[in-house]
Amino acid sequence: MSTEVAPDNTSDTESPATYKVIGTRPVRHDGADKVTGKAVYTDDLHVPNMVFGAFVRSPHAHARIVSIDTSEAEKMPGVLATCTSADLPDPWDKVDNLGEGCVNYAHLSGNVLARKKALYKGHAVAAVAATDSYLAQEAARRIKVEYEPLPATMCVQDAMKDDAPLLHDELITHTLDDTPARPSNIASHIQFEKGNIDEGFAAADVVIEREFKTATVHQGYIEPHVSVALWNEDGRLKIWTATQGSFVVRQQMAELLKMPVSQITIVPCEIGGGFGGKISVYEQPVAAVLSRKCGRPVKIMMQRDEVFEATGPTPASFMRVKLGATKDGKLTAGKAWLAFDAGAFPGGVIGPGAMCVFSCYDLPHATVDGFDVVLNKPKTQAYRAPGSTHVAFATECVIDELAERLKIDPIEFRLNNAAKEGTRRVDGPVYPRVGLVECLQAIQESDHWKTPLTGPNRGRGVACGFWFNCGLKSSVTANVNADGTVTLVEGSTDIGGTRTSIAMQLAETLGITAEDVIPQVVDTDSVGFTDVTGGSRTTFATGLAAHEAALDIQKQMVEQAAQIWECSPDEVTVADGVYQGNGKSLSFKALAVEADKVGIPIVGRGVVDPQCSTNAFAVNLVDVEVDPETGKVTILRFTVCQDAGQAIHPSYVEGQMQGGSAQGIGWALNEEYFYGDDGHMRNASFLDYRIPTCYDLPMIDTIIVEVPNPDHPYGVRGVGEVPIVPPPPAIANAIYRATGVRFFELPMSPPTVWHAIKGQTTGE
Amino acid sequence: MKTHVTTTVNGATVEFLCQPRQSLLEVLRDELSLTGCKEGCNNGNCGACTVMLDGVPVDSCLVLAVEAEGAEIETVEGIAEQGHLHPLQQCFLEGAALQCGICTPGFLVTAKALLEKNPQPSEQEIRFGLAGNLCRCTGYDKIVRAVQAASRTSSES
């Protein structure tokens, strides 16, 4: 079931607009390719004369690399090249923002191929190219690496201790306090403060403080990382790859290989999921170096266990959250202490985690301490609203407990304290018009909320979530064709239907149909710089660029109409795609046909770099049933409500809400990296790392709230990320009502739930 | 040493040479250029490589190519007929039942087999029938609805 709700309290400037294309549900432009098997993903490419690469990976979680001997592999017939970190230029400390987080190129280079030490099980140490993939794997086994194993540190609390094994001898904590004299595994300590928390907690009638832990989870895209690299004899490098951002791959390649960006072309193929995990490079630089050394195109595709063990999962965390409220239900103060595992290199997602921890509420007094901690696990990466899901689990569980203690309805308690226009977040920014209150009200009005849940072992939970959403750079060009259609050329890789949501905005502005726009995602030589498909930015920012390009086209069409009709451009008016002047009138399409005969080609251009956050909020309502015999939690009913600003293509907005919810449900109930004492992941397959299947989930009901974003001509906010945020706490709160047990650890898998219920009945 | 295999793919007789260790998935993709079936895990967990083998949906990564001798294979490339999308394909498009699209071919092959065996499945039967195919984008809601819609379309026609 899906519902769309416009807010009741819209001000005059927000009168609901009527659109012809926006809000409709056209078939996506790349649809036929994707249902017939014709869409070309990177692994579908067979570039002429192509050979295959394979990695040698560390069998140790932490080890000094004593020596690497590639000679035996190189003697094998059919083996064409080998590669180690010695083949990469010496890296230097330079930090760049890749759109969903920053990267230090020295760390990135060391992650792509280990230098002096292997820092996690699966860390790439060497690679080989051969004429077939079996041969490449066999050759990789013949590369001899001598290791000196070192003690590993695998959990955040242990890694922070003074006597923990150090990953990086030179790592000194970056902090606002005095710089420590000794290195440690704490890469940074960030702090936010608002008001005076002593005053705030003194004013509280109830104070609750809890500790939370969450496990490492993976983005779990179905397509493994895969690239084909061709380093030509003229020094030009071309890479076909599965990436969320072709331009940020180009930028990373240029830095890692020390070559100008103009020498590199990145061709983004269709991408089989990313969720934040396909922004950093892994196999691309290695395939490039192997290609340079053997003079042939090299394809590297990871196996699934390599994806789990050696690409970015999102962190495990340890968190303490304390909140105080008055007896009439007003929050007075909050204190958060958050430690996230960054993986083997600094720069995890603690920053956004610390910014999001109290982002749903108007808190007069708060402090947040966040720690970025390195340990012997793969370098963590963004995963859909990176950091926000962790902290929402902590905060929303404490909020629920406070509401219960104060005997206030959980939605009313949240409404009492909800962030709204003018609320200052603990990390500084003041919200413009946002839609959390409207989302909570829409849940209150839903059939789900109004239908009581009955039966034993059942419970209902509520939770909120926030994600910033970003702007960043996007470029498009749009060419008017002789038949009045428009070809839209863009650089945003399309993971979930953004070709169509961007094309629809161009169509709306021009007054043509979505089908009259032909969108194309092109390589980095064929369009202006465009940041990643991430940060829920694509429909917002690249859509904004498409709108600008449409206005540019419209201006040129007016000039041509004036020329044809022999009048001044000032006398030509445009409404709903109809051009009128000098007593004449033509539709966009008809005018395009005329203009093609007489005028110069019409090409529109849109380039944008909006600096704002578009501020997405979501609320979940979930009913669960807990099997007391097994601890298995079944989701009986699930409703997700989200402020989309303006849903451009409602089906794909619902799809983001449903998909994000499913990932949040997996995070809540099943997904985790199991590590042995040796630091080896024990469940590096889709059989044992269990993402939700069709059979695990119910239908996911959606309520789209539309509180227009003041920073977009059509009111668009991003929608992609925030729906992953509220499910874990909403489910934890529901399980509490079903069992009487509060859970402070993710995942709430059957053994954990069963033990807790058993402990409760036996008094353990 | 390579083995000669004669098989039928999407109604046409096909011959190929393969190594005994090569999977049907590898041969379909690399030798026969039928890249609609996808490799997601290469160990039978994700279902992205699903094809029909003698009327039964199988993970083609778990079938050796030599086992295709004399068999009838159908892939996603064979679902649309004479320039027309199959009702399932149409319902996937109209119902927005795909996002990144990498799992879509596997779902279509599995769903077609399900509907041929059980033209009017319940929601639970659809969910059980598709449980061997993983999708990380959609949360399955729109996939289940698309199969329900296709089931209605075929009962009306």
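Structure shown above.
The structure reproduced in this document is the subject of the present report. Remember, it's a predicted structure, so these values are computed and weren't measured experimentally.

A short note on the overall build of chain A
Counting its secondary structure elements, chain A contains 20 helices and 30 strands. In terms of overall size, chain A behaves like a compact globule, its C-alpha atoms giving a radius of gyration of 27 Å where 764 residues would be expected to give roughly 27 Å. Principal-axis analysis of the C-alpha atoms places the extent of chain A at approximately 85 × 75 × 50 Å. Out of the 764 residues in chain A, the part that is buried amounts to 65%. In chain A, once contacts between residues fewer than 6 apart in sequence are set aside, the share between residues at least 24 apart is 79%. Carbon and sulfur atoms provide 50% of the accessible area of chain A, an area that totals close to 26,200 Å². Looking at chain A, you have 65 positive and 95 negative side-chain charges, and the mean spots of the two groups are 3 Å apart.

Some remarks on empty space enclosed by the protein
Residues and elements named next belong to chain A. For the structure shown, the criterion picks out 10 cavities of 30 Å³ or more. Of the voids in this model, the largest cavity is the one considered here, and its volume is about 560 Å³. In this structure, the largest cavity is lined by 33 residues; those nearest its centre are T498, T533, S536, Q656 and G720. In the lining of the largest cavity, the residues fall into 10 nonpolar, 18 polar and five charged.

Here we look at the packing of helix 2 (residues 87-94) of chain B against helix 3 (residues 104-117) of chain B
Residues and elements named next belong to chain B. The N-to-C vectors of helix 2 and helix 3 enclose an angle of 130°; their axes lie 10 Å apart at closest approach. If you check the angle between helix 2 and helix 3, you find them oblique. The interaxial crossing formed by helix 2 with helix 3 has right-handed handedness. Of the residues in helix 3, those touching helix 2 at L88, Q89 and F92 are T104, F107, L108, A111, K112 and L115. When the residues that make up the contact of helix 2 with helix 3 are grouped by side-chain class, the tally is six nonpolar, two polar and one charged.

What to know about the sheet that holds strand 17 (residues 317-325) of chain A
Residues and elements named next belong to chain A. The six strands are arranged 10-11-19-18-17-12 in an open sheet whose pairing can be described as mixed. At either end of the open sheet lies a strand with only one pairing partner, and these are strand 10 (174-175) and strand 12 (206-214). Those strands touched by helix 11 (residues 388-405) are strand 12, strand 17 and strand 18 (331-343), and its axis lies near 150° from that of strand 12.

What about the packing of helix 2 of chain B against helix 5 (residues 141-156) of chain B?
How two helices pack is summed up by the angle between their axes together with the distance between the axes. Residue and element names in this part refer to chain B. With their axes 8 Å apart at the nearest point, helix 2 and helix 5 run at an angle of 135° to one another. As the angle between them shows, helix 2 and helix 5 are arranged oblique. As helix 2 runs across helix 5, the sense of the crossing is right-handed. Taking contact as the criterion, the partners of P87, L88, C91 and F92 in helix 2 are, on helix 5, I143, A146, V147, A149, A150 and T153. Broken down by class, the residue content of the contact of helix 2 with helix 5 amounts to nine nonpolar, one polar and no charged.

Some words on unusual backbone geometry
With omega at 0°, the peptide bond leading from L746 of chain A into P747 of chain A counts as cis. Residue Q82 of chain B is not a glycine yet carries a positive backbone phi of 45°. Relative to the elements of secondary structure, Q82 of chain B occurs in the loop between strand 5 (72-74) and helix 2. The exposure class assigned to Q82 of chain B is exposed, which follows from its relative accessible area of 77%. If you check the backbone angles, Y140 of chain B has positive phi at about 70° while not being a glycine. You can see Y140 of chain B is positioned in the loop between helix 4 (123-129) and helix 5.

Quick word on helix 13 (residues 436-444) of chain A
The buried count for helix 13 of chain A comes to eight of nine residues, which makes it a mostly enclosed element. Contacts from the buried residues of helix 13 of chain A go to helix 12 (410-417), helix 14 (447-450), strand 20 (458-467), strand 28 (616-626), strand 29 (633-643) and strand 30 (700-705) of chain A.

Quick notes on the side chain of N376 of chain A
You can see N376 of chain A is positioned in the loop between strand 19 (365-374) and helix 11. Side-chain polar atoms of N376 of chain A contact the backbone nitrogen of T153 of chain A, separated by 2.8 Å.

Thoughts on the interface of chain B and chain A
How large an interface is tends to be reported as the accessible area lost when its parts come together. Counting from both sides, the interface comprises 50 residues of chain B and, opposite them, 56 residues of chain A. Here chain B meets chain A over a buried area of about 4,400 Å², counting both sides, of which 57% is carbon and sulfur. Linking chain B with chain A are 27 residue pairs in polar contact (both at pLDDT 80 or more), by the criterion used here. Every element with two or more residues in the side of chain B that touches chain A is listed here: helix 1 (24-31), helix 2, helix 3, helix 4 and helix 5 of chain B. Here the side of chain B that touches chain A takes five residues from helix 5 of chain B, the largest share from any one element.

About the cut-offs
Residues numbered from 1 in each chain as written. Chains lettered and ligands numbered in written order. Predicted model: local features only at pLDDT ≥ 70, side-chain atom pairs only at ≥ 80, totals over all residues. Heavy atoms only, no water. Helix = DSSP H or I, 4+ residues; strand = E, 2+ residues; numbered from the N terminus. Rg over C-alpha atoms; globule rule 2.2 N^0.38 Å. Buried < 20%, exposed > 50% of the residue type's maximum accessible area, 1.4 Å probe, protein only. Contact = heavy atoms within 4.5 Å. Areas by Shrake-Rupley, 256 points an atom, 1.4 Å probe, with all protein chains shown as cover. Lys, Arg positive; Asp, Glu negative; His and termini not counted. Charge placed at Lys NZ, Arg CZ, Asp CG, Glu CD. 1 Å grid on protein atoms, 1.4 Å probe; cavity = no way out; pocket = protein on both sides within 12 Å on 5 of 7 lines; lining within 4 Å. Points joined across faces, edges and corners; volume = space filled by probe spheres on them. Nonpolar A, V, L, I, M, F, W, Y, C, P; charged D, E, K, R; others polar. Axes fitted to C-alpha atoms, helices over the stretch in contact; angles between N-to-C directions. Parallel < 35°, antiparallel > 145°, perpendicular 65-115°, else oblique. Left-handed = near helix turned anticlockwise from the far one by under 90°. Pairing = 2+ DSSP bridges. Polar contact = N/O pair within 3.5 Å; in protein donor to acceptor, adjacent residues only side chain to side chain. Buried area = accessible area lost by both parts, 1.4 Å probe.

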